[in-house]
Every structure is written in C-alpha cells, then in structure tokens.
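Okay, here's what each chain looks like letter by letter:
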Amino acid sequence: MKWSRVGLLTGLCFMLAVSSVGALNNVLSLSRPSGAPAFVETLLTDKTTRTEPTLPTYPAAGGKYTDGVFGTEILRVTDAVNEPDAGSEKGANVAYSYWPSLNANNTRIQFRVRAGYSRARFYTFDPVAFTSGATGTLLSSPPAGLQEYGLVWDSNEPDIIYGPGQYVLSRINVADNTSSTLKSFAGRGHTGGYITQISKSGNDNCFAGSYETGGTPNGYWVWKRDTDTVLLENISKASLDEVQIDKTCAYLTIKIVGGNAEVWDLSTGLQVGSTLTGNSAFNHSDTGDGTAVTHRPVNTSLGYRSLATPTTITDLLPCMTNGWSYSGTQDHFSMVATNQLWMVASRYRTAGGGVTTAFDNEILQVATDGSCRVRRIAHHRSAATAYESQPKANSSLDGQFITFTSNMGNAAGRRDVFVVKIQPAPTS
C-alpha cells in the first residue's frame, strides 16, 4: 500500500420492517444476557454469489440512493460540481482503509482531492440526518510538507487530526487551522528524505511510521507520546513496504516487499519469532488490540491472529471452500471500529470485471471469531483498474457508517466519495 476496534450494546434495539429487499435478509437474533434487548439482524448474512444489477441513477452530491441488492442507504458526498476534475485527476477518493474518513463523533469527513497536489478536503457531516455539507474546505496553513492524503483523526477530540510532513509529526486543529509539532525526527540519522504513512494506537499515545527517500520506504520508527520515547527504530530497512502499530501500543507489524512480514514486541524491542513467510505471511491487513486481520496467500482465505503468537491463525470463513478467492480479485481491510468482533472488507475485481464468486465487488463485514458470519453491505460499483478507484472502505469508530470510493462503473470516469449507513454490528 502506498499512502499506503468489543463493548456491549445496551439500551438499543433496531426493529426494521422487512421490505421487498429486506425479505432477502437472514434475520438472526443473537443470544444475549438476561434483560438485554434483542439484536435483530437487518443485513443479508448469506454467502451466495450476488451479481450486480443495472447501475443505479446516481443522485447529485448530497443525495441518497438504495443499494439494489442489499437494501442499504448510501449518501453521495461528492460530484463534479463540488469536487470538479483537476487535470488528469478525476474527482475525489478515500485515502486508505485503515485511515478513518470520519472523525471521532462523525461530524466531519475527510478524503483525498487534487488541489495543486494531493490534499485533504474536509466536509461537515450530520450523523443523525445522514447528510454532508454542500462544499468542503482545505487546510488554510498546513505544516511544511504535510502529506495531507495520510492524515489520521484523533480518537477522542473531533477537531484534531495528525499527519507527517518532512521529518515532523504534527497535530492539527481543523476547526481553527492551527497546528503544532508533536515530534521531530530530524537528526536521528535518516537524511535526505521524510517520514510517511503513519498509524497510531487507539488512545492516541503511540505513533508509528516509515522513513522514506525518493518514494522508497527504507526505515521505520515508533514513538510514545507521554514519555517522548522512541520505542523502536530502524533507519535502514531493505525492501520495506509499510509498518503499522496495533491499537494497544504493544506490537508493530512490518510488511516486506514480496509478501513477507515481521511482528515486533514494543515492550522488549525484540522481534516475535521469525519472519512470517508462506501461509503465515500477509500483505493487506489491519490491526486491532494486539491482533491483526489478514489475508492468507496460500489457501486463499482470511485469517485473524494474536500478534503475540502470529503463526497461530484463525480462519474466518472455515465453512467455505476457497471462500475468499483471489482469482482476479483483491481487497482491503478496516479495523477502525471499536467493535473488534467484526472487520470491514472491500473487494474489487482487479481488471474491473463483474461478480463471479461470492463477495466480489462488495463491501461487507466478516466476524473475527471464526464463526463464518458475514454481514453484506453494498456493491461499491467501482471498476477498480486504477489504484485511486479501489474502494478502500473504512468504518466510523461507532460502526454506523462506512466510507468508500466509487467511479460508478466507469473505469475511465471520475471518482467520488460515498457513505453507507448500517446498523452497528452485534457484539457477541
């Protein structure tokens, strides 16, 4: 990748009438403690191949439509009016699956645009009315060299976002356009480059990122904020792809070009076991609380693992033979939501083709406990032959909204940002 979170629901009951689309639903009431309200599933939970219908008539930005197969409501955030094409750049797109688009309380949404260079655009968002602002704003005075396409929202303060620029990690207030330096990595031995592609812990106390020179990642760092301590650092790492910290600040995952991976224990500064290769390796992934959801390259399935024992892997779809095919298909994963019993996956045909197997061209949730449960959310309808057109879906912290990119079936067309609203996933 370039640019490259389970609490108990209480006092909330979703009871939705079954419409002609909803009649397709597998309604599932999950077991619960005595006195707790029932969870009634409102999403499709089957595992059959569901082809895409005729493309919908898309509304203008601010309008909504209903997914023709899954019955979910989808908001279009951008169009050619509020985000016109800029040269060869067409429209707007979500930056990545593990960088949240929505802020801590779902009142702002960010995504990537081309405004002279790759920048972040910020729109207001109303989670109750399920609407977005008509136009967005750019940062008026970003820190020097800020990589605006790789910004990460604070998990608690809705106006605060973090980003790398040159050798500086900055804290930015998008409400008043002020910023401050959190940490400078200048003078630590890496020269002639910059820091890039950051991730952080769930409590906003630990950050990790890569060093890069001339577009090539060649080192990494992990920094703990409250003690101003660099927990782990390598200023010369060959064949590095990217690094990511887990949400507890306990582990760092390192992905190597070619598909291998490493896991490092941040409390000891030592690698956990040996380098992960073969079916223990991973490429696309996201981290949770000491865990990671990954693909499995050999048996074409999904895996979930504790980073303390990274070669012990739970298959997430054991009920399906070749249930996560990589025949002409790729994906991204998101563990942004605080409910870590479920992860979000967005799958796409690499040649831009239609559905051939279950879950192709879909945004869905997969349970991380190996129970083979899925919640099917929408067809993203993006012909993802270019990186910018890949859906790269990511969840809000509360699990109520999922943001994604779509070119609306036209591989040569513009890209726009959409948000689908769902019932938060069960917690058992």
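For the structure itself, look to the data block above.
The text that follows walks through the structure, step by step, so that each part is easy to find. (Residues numbered from 1 in each chain as written. Predicted model: local features only at pLDDT ≥ 70, side-chain atom pairs only at ≥ 80, totals over all residues. Heavy atoms only, no water.)

## What about the sheet that holds strand 27 (residues 394-395)?
Part 1 of the reasoning: As summarised here, the arrangement of the five strands in space is 1-2-29-28-27, forming an open sheet in which the pairing is antiparallel. Each of the sheet's edge strands pairs with one partner strand only, and the pair in question is strand 1 (64-66) and strand 27.
Part 2 of the reasoning: The sheet contact formed by strand 27 and strand 28 (residues 401-406) spans two bridges and is antiparallel. Paired with Ser 395 across the strands is Ile 402, a residue of strand 28. (Pairing = 2+ DSSP bridges. Helix = DSSP H or I, 4+ residues; strand = E, 2+ residues; numbered from the N terminus.)

## Thoughts on the pattern of salt bridges
Part 1 of the reasoning: Summed over all chains, the structure comprises 22 salt bridges.
Part 2 of the reasoning: In this structure, the salt-bridge partner of Asp 46 is Arg 50, at a minimum N-O distance of 3.2 Å. When sorted by exposure, Asp 46 lands in the same class as Arg 50, which is buried.
Part 3 of the reasoning: The shortest N-O distance in the salt bridge between Arg 347 and Asp 331 comes to 3.4 Å. Highlighted residues: Arg 347 in strand 24 (residues 342-349) and Asp 331 in strand 23 (residues 329-334), separated in sequence by 16 residues.
Part 4 of the reasoning: A residue is classified by how much of its surface remains accessible, and Asp 331, at 0% relative accessible area, is buried. (Salt bridge = Lys/Arg side-chain N within 4 Å of Asp/Glu carboxyl O. Buried < 20%, exposed > 50% of the residue type's maximum accessible area, 1.4 Å probe, protein only.)

## So, the sheet that holds strand 12 (residues 206-213)
Part 1 of the reasoning: Spatial ordering of the open sheet is given by 11-12-13-14, a layout of four strands whose pairing is antiparallel. Of all strands in the sheet, those bounded by a partner on one side alone are strand 11 (194-200) and strand 14 (229-234). Between one strand and the next, the sheet's axes are offset by a mean angle of 25 degrees, whatever the strand orientation. (Axes fitted to C-alpha atoms, helices over the stretch in contact; angles between N-to-C directions.)

## Some points on the environment of Cys 249
Part 1 of the reasoning: Tracing the backbone through its elements, the reader meets Cys 249 in the loop between strand 15 (240-245) and strand 16 (251-256).
Part 2 of the reasoning: Take Cys 249: its relative accessible area is 16%, and that puts it in the buried class.
Part 3 of the reasoning: Separated by 43 residues in the primary sequence, Cys 249 and Cys 206 have C-alpha atoms spaced 5.9 Å apart.
Part 4 of the reasoning: In contact with Cys 249, not counting residues within four places along its chain, are Ser 201, Cys 206, Leu 231 and Leu 266. (Contact = heavy atoms within 4.5 Å.)

## Details of the state of the cysteines
Part 1 of the reasoning: The final tally for this structure, using the stated rule, is two disulfides.
Part 2 of the reasoning: Bridging Cys 206 to Cys 249, the disulfide has an S-S length of 2.0 Å. Between Cys 206 and Cys 249, the S-S torsion sits near -80 degrees, and that sign places the bridge as left-handed. Taken together, the residues Cys 206 in strand 12 and Cys 249 in the loop between strand 15 and strand 16 connect sequence positions 43 residues apart. The two residues Cys 206 and Cys 249 agree in class, both being buried.
Part 3 of the reasoning: What pairs with Cys 319 in a disulfide is Cys 372, and their sulfur atoms sit 1.7 Å apart. Disulfide Cys 319-Cys 372: the torsion about the S-S bond is -60 degrees, which places it as left-handed. Taken as a pair, Cys 319 in the loop between strand 22 (313-315) and strand 23 and Cys 372 in the loop between strand 25 (362-367) and strand 26 (374-379) lie far apart in primary sequence, 53 residues in all. (Disulfide = S-S within 2.5 Å.)

## Some words on unusual backbone geometry
Part 1 of the reasoning: Even without being glycine, Ser 239 reaches a positive phi, approximately 60 degrees.
Part 2 of the reasoning: Looking at the element boundaries, Ser 239 is found in the loop between strand 14 and strand 15.
Part 3 of the reasoning: Backbone geometry places Phe 359, a non-glycine residue, at a positive phi of 80 degrees.
Part 4 of the reasoning: Tracing the sequence through the fold places Phe 359 in the loop between strand 24 and strand 25.
Part 5 of the reasoning: In this structure Phe 359 comes out as buried when scored by relative accessible area, which is 0%.

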